[in-house]
Amino acid sequence: MKTIKLFTKFFLVILLVTSCTKEEDVNLATNKTLDSRKIDFYPTVLNGILKFDDEIQLGSFVDHLKTLDDDSISEIMYGYYDQNFTPLFPYFHLEDDKNIQPWLEEKSLRVSNGKEIEQDDDLVNDENVASILTVKREVIIGNKYYRFTPIGLLFSDLEYKNEIDELVYSAGFNTTEDYDGYNIERGVIQISNHISAFSPLYLSKLDEPCFEPTKVTAPITANDISTPSDFFISLPCLSAGGSGSSNSSNNAHTETLLDKAEELRNIQPCEQSYVGIFGVRRVCFAYHSDHLRAKTIFFNENYYFYKSIGLKVKSQKKYGVLGWHRKKANEIAIVADQIYFAIEAPDQIPDYQNLTSDSRLYYYGDKLYNEDDMMYNVYIGQTLPSERIPATPFTNDIIVHEITNLPLVGQVGNITLEANELNEKFWTYVWDNAEALMNKLGEGKKAVTYIYQTPQKIYIQHVDITKRETNARWLTYRLSSDWGFQIKFSMAFNADGSVTTNYDDWDDIGTYINSIQLPPLNEFSDIYINFMGMTRDGDNWAGSRIVYKE
């Protein structure tokens, strides 16, 4: 205990789990109460645990947090910290000894086998979900008590919480982070009269077998006073440190970043894959130095009451015995070369055989742009009612919709072939026109979402080379969650029932609009992700490329 207290004193100076955007702007007096909030999805606190009325309330609260910056989340969560809630993923102020010490003590119990304390959690990779769990990974929903453990999510009626606690302590789950995702019983199982356990079925079928994890040691220097910890990394190590020159503070891509991205494209992706308890994650490290690294993560997890898919990259610094914590980087970037989803076409009755036009339609803001007219400087598009504008889970993207009466490839269901074919179509036919629209708008580079619709399947391709931020600790790309974030678009039909993409006909008598809403992306049958996470320290870039297929 004395050791922990000493750690805490040191921790107060250097811990970077603070929620503030700028360290110099930390407001230690922030402590707004929850009484002033009228939003009905805010939880209450019961014996130090957040309590939600139902899963919908929980999902709404988590999704609300996803829309906020760290400062705003911290302001909200301090209303709960002041009620003795100690979170799994904290948004503490730097000098908050009262809240930091119990968090650090509990986290220290689970450190073993040479591992170090990290603010991230190995079981729950969605930080916003982790932020509503206690540091013991607990939450209450309705009259049910839930606790995440290395064998799955344990849950029971609230009155039997003590039985779960006894099981956790007797099995030593409170003192270990170790788990074996391959050797646990999956699904919902009954493990006693009052306790059930959940772990989702495998989410991923990898094209090739993963490399065997090999225990290696991070590079250290002679004057490093800390003991280096072991971590798992696949061989060969295929993430790369980088070099470069100048920095740009705006969103115009520097040659440095483009060079690093091209370098990562020309090597094999990082293949470090973990089959976790609640899904699949890939974690890759690229080192600037012994004490500074870029951590790139992909996760696809099902927490029973909430699902989440996301990409993120963090700048981390090693603080002696305290391990790795977030540290501001000069610049952070995520380059998404291809985010691909596919799903069977929903029930509908469009006459694809009599498709009157197969041109692609481009949407941005409240306007539709016809591909054939994009070349004309005077062309400004057509303003449409909001219900006719497609919606995606992504932000500020150009949306391209194409309908065809032929399958994408001959072997429908071959994810690799389909993803490659769609990617080729995107870069051959879509990107140049989308870039012309970007130039017409005069707002710089934008993300592009390509909806390719066939009678058999609907394909989504998203490309974003614009996501970067200076003077930041982390960057996250949340692809989907249970609550909302769906893809919606409209289809126009002529009086004879045939599909038309000729918007000049949309106001003709007999033409009607049918709106189609697809499920959240985490319910799509096929997923293919190819992205890079990078951080810049001074003039040097370091990063990793991750490719994931489900």
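Everything below is about the structure shown above.
Residues numbered from 1 in each chain as written. Predicted model: local features only at pLDDT ≥ 70, side-chain atom pairs only at ≥ 80, totals over all residues. Heavy atoms only, no water.

**Topic: helix 8 (residues 415–441)**
Here is the rule: Think of it this way: the bend at a residue is just the angle between two axes, each fitted to seven residues, one set ending at that residue and the other starting at it. Secondary structure counts use DSSP, requiring at least four H or I residues in a row for a helix and at least two E residues in a row for a strand, with both numbered from the N terminus.
Maximum bend of helix 8: about 50 degrees, positioned at V430. Downstream of helix 8 by a residue or two, G442 has a phi angle that is positive, lying close to 70 degrees.

**Let's talk about the pattern of salt bridges**
In a structure, side chains of opposite charge can pair up when their charged atoms sit close to one another. Rule in force here: The salt bridge criterion pairs a side-chain nitrogen of Lys or Arg with a carboxyl oxygen of Asp or Glu, the two atoms within 4 Å. A simple rule labels every residue: compare its accessible area, found with a 1.4 Å probe on the protein chains alone, to the largest value its type can have, and call it buried under 20%, exposed over 50%, or partly exposed in between.
Considering all chains together, one arrives at 20 salt bridges under this definition. Put simply, E127 and K312 hold a salt bridge, and the shortest N to O gap is 3.3 Å. Taken as a pair, E127 in helix 5 (residues 127–130) and K312 in strand 14 (residues 307–318) lie far apart in primary sequence, 185 residues in all. Both residues of the pair, E127 and K312, count as buried. In this structure, K260 and E263 form a salt bridge, with 3.0 Å as the shortest nitrogen-oxygen distance. Placement of both K260 and E263 in helix 7 (residues 255–265) is noted, with a separation of 3 residues, approximately one turn of the helix. For E263, a relative accessible area of 33% gives the class partly exposed.

**As for a negative patch on the surface**
Cut-off, in case you're wondering: To count toward a patch, a residue needs a relative accessible area over 30% and no salt bridge; like charges are then connected within 9 Å, while nonpolar side chains (Val, Leu, Ile, Met, Phe, Trp, Tyr) are connected within 5 Å. Accessibility throughout is a Shrake-Rupley quantity obtained with a 1.4 Å probe, and a residue counts as covered only by protein chains that appear here. When charges are counted, Lys and Arg are positive and Asp and Glu negative, with His and the chain ends excluded. The location of each charge is read from NZ of Lys, CZ of Arg, CG of Asp or CD of Glu.
On the surface, D40, D53, D54 and E55 cluster together to form a negatively charged patch. As for its placement among the helices and strands, D54 is situated in the loop between strand 2 (49–52) and helix 2 (55–66). Assessed through its relative accessible area of 35%, D54 is described here as partly exposed.

**Concerning the packing of aromatic side chains**
Our working rule: Here is the rule: rings of Phe, Tyr and Trp (six-membered ring for Trp) pair when centre to centre is within 6.5 Å. Planes less than 30 degrees apart are stacked, more than 60 are edge-to-face, and the remainder are tilted. Put simply, a charge is over a ring when the Lys NZ or the Arg CZ is close to the ring centre, within 6 Å, and near the line of the ring normal, within 35 degrees.
Within this structure, the stated rule accounts for 27 aromatic pairs. For the ring pair F52 and F61, a centre distance of 5.9 Å and an interplane angle of 50 degrees mean the geometry is tilted. Comparing F52 with F61, the two get one shared label, buried. Measuring from centroid to centroid gives 4.3 Å for F298 and Y548, while their planes differ by 35 degrees, and the two rings are tilted. Of this pair, F298 sits in strand 13 (residues 292–302) while Y548 sits in strand 28 (residues 540–549), placing them 250 residues apart in sequence. There is no split in this pair, since F298 and Y548 are both buried. The rings of Y146, F148, F155, F198, F278, Y303, Y304 and F305 are connected pair by pair, giving a single aromatic cluster. Positioned above the aromatic ring of Y169 is the side chain of R147, whose terminal nitrogen or guanidinium carbon lies 5.6 Å from the ring centre.

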